[in-house]
Amino acid sequence: MPAYRAPFIKSSEITSRSLYMKRRQFMTGAIAAGLSGSLASSANAALNAKQSSYIVNDKITPKEDATTYNNYYEFGTSKSDPAAYSGDFKPQPWKIRIDGMVKKPMEFDLQDLMARMPLEERIYRFRCVEAWSMVVPWTGFMLSELLKQVEPLGSAKFVAFQTVLRPEEMPGVGGFAPVLDWPYREGLRLDEAMHPLTIMAVGIYGDVLPNQNGAPIRLVVPWKYGFKSIKSIERITLVDSQPVTAWNVSAPGEYGFYSNVNPERDHPRWSQAQERVLGAGGGFFGGTGKRDTEKFNGYGDEVASLYAGMDLQVNY
Ligand code: MTE
């Protein structure tokens, strides 16, 4: 990934958390009072999700930042490319195949799946390996709920994920010197995949995912660097050995398989001790817009036990 570049964010685009929360309370009240139509659909009613208790107590990143400052190399390597060049990408209809070491390999139609899965909204921290971070309200369901349906075999130890590859709709994948070995691939250990914090997201800010954020369905693993959260997934395969992953193939010394957020282990080219919070100001107008990075991105109470006895300097 290229070195970090500071985003330019206008102060008019920054919504305070209290304002956001007030709006949410109003919307919840409106729904409870039985109001429908455009009012309710601008809250999370569009996705019919319930509020969950997985809510981090941080200021939510302005939607404008989370949807215009993206990494999605299939559409280009600049932060503004995915929003600018993903307009031709068709997220519907969509099927996801789950196969490999499972009792019941299945192909799911996404619309059917969304109608059946219990959708909930979670507000998670999201920390990119490039040392910027955001706080995002995701709508989705637990990956464990999906994997249970295909019944993983006892021999399955890892889960491999693959992004759809459509050169005709993705202007970033062609050329003589591809940026990555496409399709984009990622992987988790099975216990990481089954962890309740690991979700498949179909929405952000109460609405369906825009193309640049990984429509129509992506992974979100909040205690790992953002590149593990693979977008536009079309295939999931359960396997018995550690799967090949796109960034690890590209630069194994820089991007490990685990990639747990860890301020004690610097990237070979930059420090991971701090992060720049998108939308938090900085520069001339006071404050640095930075915060100290927390181990496991602050989710250590929930996930540290998954790595008991492992050397996280070696397994980065
Ligand atoms: N998934 C695919 N298919 N292609 C990508 O380039 N970039 C990753 C991850 N998932 C990427 C991807 C990286 S580096 C990050 S930080 C996050 O997506 C960014 O997610 P966001 O754009 O929704 O913030």
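Residues numbered from 1 in each chain as written. Predicted model: local features only at pLDDT ≥ 70, side-chain atom pairs only at ≥ 80, totals over all residues. Heavy atoms only, no water.

A short note on the overall build of the protein
Step number 1: Looking only at helices and strands, the protein has 9 helices and 13 strands in total.
Step number 2: Taking all 316 residues of the protein together, 52% fall into the buried category.
Step number 3: For the protein, the share of sequence-separated contacts (at least 6 apart) that also reach a separation of at least 24 residues comes to 73%.
Step number 4: Summing over all exposed atoms, the protein offers an accessible surface of approximately 14,100 Å²; the carbon and sulfur share of this is 55%. (Helix = DSSP H or I, 4+ residues; strand = E, 2+ residues; numbered from the N terminus. Buried < 20%, exposed > 50% of the residue type's maximum accessible area, 1.4 Å probe, protein only. Contact = heavy atoms within 4.5 Å. Areas by Shrake-Rupley, 256 points an atom, 1.4 Å probe, with all protein chains shown as cover.)

Some remarks on the environment of P243
Step number 1: Summarising the element assignment, P243 is placed in the loop between β11 (233-239) and α8 (246-250).
Step number 2: Considering only alpha carbons, one finds P243 and A160, 83 residues apart in sequence, at a separation of 5.9 Å.

Considerations on the site of the ligand
Step number 1: Taken together, 18 residues sit near the ligand, with N70, Y73, E74, R218 and K231 positioned nearest.
Step number 2: The separation between an oxygen atom of the ligand and a polar side-chain atom of K231 is 2.6 Å.
Step number 3: Starting from 540 Å² of accessible surface for the ligand in isolation, the protein chains cover 99%.
Step number 4: Structurally, the ligand is housed in the largest cavity.
Step number 5: Classifying every residue of the shell around the ligand gives 9 nonpolar, 6 polar and 3 charged. (Near = heavy atom within 4 Å. Polar contact = N/O pair within 3.5 Å; in protein donor to acceptor, adjacent residues only side chain to side chain. 1 Å grid on protein atoms, 1.4 Å probe; cavity = no way out; pocket = protein on both sides within 12 Å on 5 of 7 lines; lining within 4 Å. Sits in = over half its atoms within 2 Å of the grid points. Nonpolar A, V, L, I, M, F, W, Y, C, P; charged D, E, K, R; others polar.)

Comments concerning the packing of aromatic side chains
Step number 1: On inspection of all chains with the given rule, the structure shows 13 aromatic pairs.
Step number 2: Ring plane angle 85° and centroid distance 5.2 Å describe the contact between Y69 and W132, whose orientation is recorded as edge-to-face. Remark: W132 occurs in strand β5 (residues 132-142) and Y69 occurs in the loop between α3 (63-66) and α4 (81-85); sequence separation between them is 63 residues.
Step number 3: Residue class for Y69 comes out buried when judged on its relative accessible area of 10%.
Step number 4: On the numbers, 5.8 Å between centres and 75° between planes, the contact of Y124 with Y299 is edge-to-face. (Phe/Tyr/Trp six-rings, centres within 6.5 Å; stacked < 30°, edge-to-face > 60°.)

The analysis is restricted to geometry; functional conclusions fall outside its scope.
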